[in-house]
Amino acid sequence: MRKIKAQKGTVRIQSLRGRLRLIWTFAGKRYFFALELGDGKANRAVAELKAKQIERDIVNDLFDPTLEKYRAAYQRRVNGLSATEMFEKYIAYKAKTLRTRSLEKYTFTLSHLRQFFRDGAASEGKCEEFKNWLANRMEPITLKQRISFCLKPRRKQKCRLSDC
């Protein structure tokens, strides 16, 4: 069976492991945009709206190759920082008051952050995924020690990595 090629300038919706993403080519470069939405009827409608927005921007020369324009508010980087950059700043801030062993634990956690988030933003759902991902790699007490900085309750806020 032959695969039908999409028309030039169109954005396709694809389901990958039960999650929706958009795929298109612009100026000879292939783009993939993960929507962080499950594959369902309502989410497909949201994906279609986002696809149409990108198609309109391509036609009108308003396309943002960084894709920041198309991200939902919870997906955007905080002050232009990725999850790992935020945590690096947090470590630098805490380094003045931390013991050497605590600093080593934070640095170890940073390596896991880099591996999991790469250069992406940290949403609340993504942080929960990170915690579960780490739980599969270490003992519960170690996990608690490694991410205790994020488990401390915040005043009138839900705990998020981006709060750190």
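Structure: above.
First, a word on scope: everything that follows refers to the structure included in this document. (Residues numbered from 1 in each chain as written. Predicted model: local features only at pLDDT ≥ 70, side-chain atom pairs only at ≥ 80, totals over all residues. Heavy atoms only, no water.)

If you look at the biggest cluster of nonpolar residues, it comprises 16 residues, and the most contacted ones within it are Phe-87, Leu-113, Phe-117, Phe-130 and Leu-134. Put simply, the parts of the chain that give this core at least two residues each are α2 (83–94), α3 (100–117) and α4 (124–135). Val-11, Ala-51, Ile-58 and Phe-63 belong to the second largest nonpolar core, which has 15 residues in total. (Core = buried A, V, L, I, M, F, W, Y, C linked by side-chain atoms within 4.5 Å. Buried < 20%, exposed > 50% of the residue type's maximum accessible area, 1.4 Å probe, protein only. Helix = DSSP H or I, 4+ residues; strand = E, 2+ residues; numbered from the N terminus.)

To continue, consider the pairing of strand β1 (residues 12–16). Across a regular strand the side chains alternate sides, sitting on one face of the sheet and then on the other. Looking at chain direction, β1 and strand β2 (residues 19–26) are connected through five bridges and run antiparallel. Its bridge partner lying in β2, Ser-15 is registered against Leu-20. Taking the residues that link successive antiparallel strands as the turn, the β1-β2 hairpin has two residues, and the phi of Arg-17 there is positive, at about 55 degrees. (Pairing = 2+ DSSP bridges.)

Aromatic ring pairs: the centre-centre distance and the angle between the two ring planes describe each pair. For the structure shown, the criterion picks out 11 aromatic pairs. One aromatic cluster is present, built from ring pairs that chain together Trp-24, Phe-26, Tyr-31, Phe-63 and Tyr-70. (Phe/Tyr/Trp six-rings, centres within 6.5 Å; stacked < 30°, edge-to-face > 60°.)

With that settled, the discussion passes to the sheet that holds β2. Here we have three strands laid out as an open sheet, ordered β1-β2-β3, and antiparallel in their pairing. Strands with a single pairing partner mark the edges of an open sheet, and in this sheet they are β1 and β3 (29–38). The sheet shows a mean angle of 30 degrees between the axes of neighbouring strands, taken without regard to direction. Along the sheet face, helix α1 (residues 41–59) touches β1, β2 and β3 and points at about 15 degrees away from the line of β2. (Axes fitted to C-alpha atoms, helices over the stretch in contact; angles between N-to-C directions. Contact = heavy atoms within 4.5 Å.)

Glancing now at the packing of α2 against α3. Look at α2 against α3: their axes get within 9 Å of each other, and the N-to-C directions meet at 170 degrees. As summarised for this structure, α2 and α3 are arranged roughly antiparallel, according to the angle between their axes. Judged by residue contacts, Ala-83, Thr-84, Phe-87, Glu-88, Tyr-90 and Ile-91 of α2 engage Leu-103, Tyr-106, Thr-107, Thr-109, Leu-110, Leu-113, Arg-114 and Phe-117 from α3. (Parallel < 35°, antiparallel > 145°, perpendicular 65-115°, else oblique.)

Along its 19 residues, α1 runs 27 Å from first to last C-alpha, staying within 8% of the 27 Å computed at 1.5 Å per residue. Each element contacted by the buried residues of α1 is listed here: β1, β2 and β3. Positioned one or two residues after α1, Asp-61 has a phi angle of 55 degrees, which is positive. (Expected span 1.5 Å × (residues − 1).)

With that out of the way, let us pick up the pairing of β2. Bridge analysis of β2 against β3 gives seven bridges, and the strand direction is antiparallel. Within β3, the position partnered with Ile-23 by the bridge is Phe-32. Between β2 and β3, which follow one another and run antiparallel, lie two residues, and Ala-27 among them has a positive phi close to 55 degrees.

Further remarks concern the pattern of salt bridges. What the rule picks out here adds up to five salt bridges. With a shortest N-O distance of 3.8 Å, Glu-55 and Lys-52 are connected by a salt bridge. With a gap of three residues between them, Glu-55 and Lys-52 both fall in helix α1, about one helical turn apart. The exposure class of Glu-55 is buried, given its relative accessible area of 16%. Between Glu-104 and Arg-101 there is a salt bridge whose closest N-O contact spans 3.0 Å. Placement of both Glu-104 and Arg-101 in helix α3 is noted, with a separation of three residues, approximately one turn of the helix. (Salt bridge = Lys/Arg side-chain N within 4 Å of Asp/Glu carboxyl O.)

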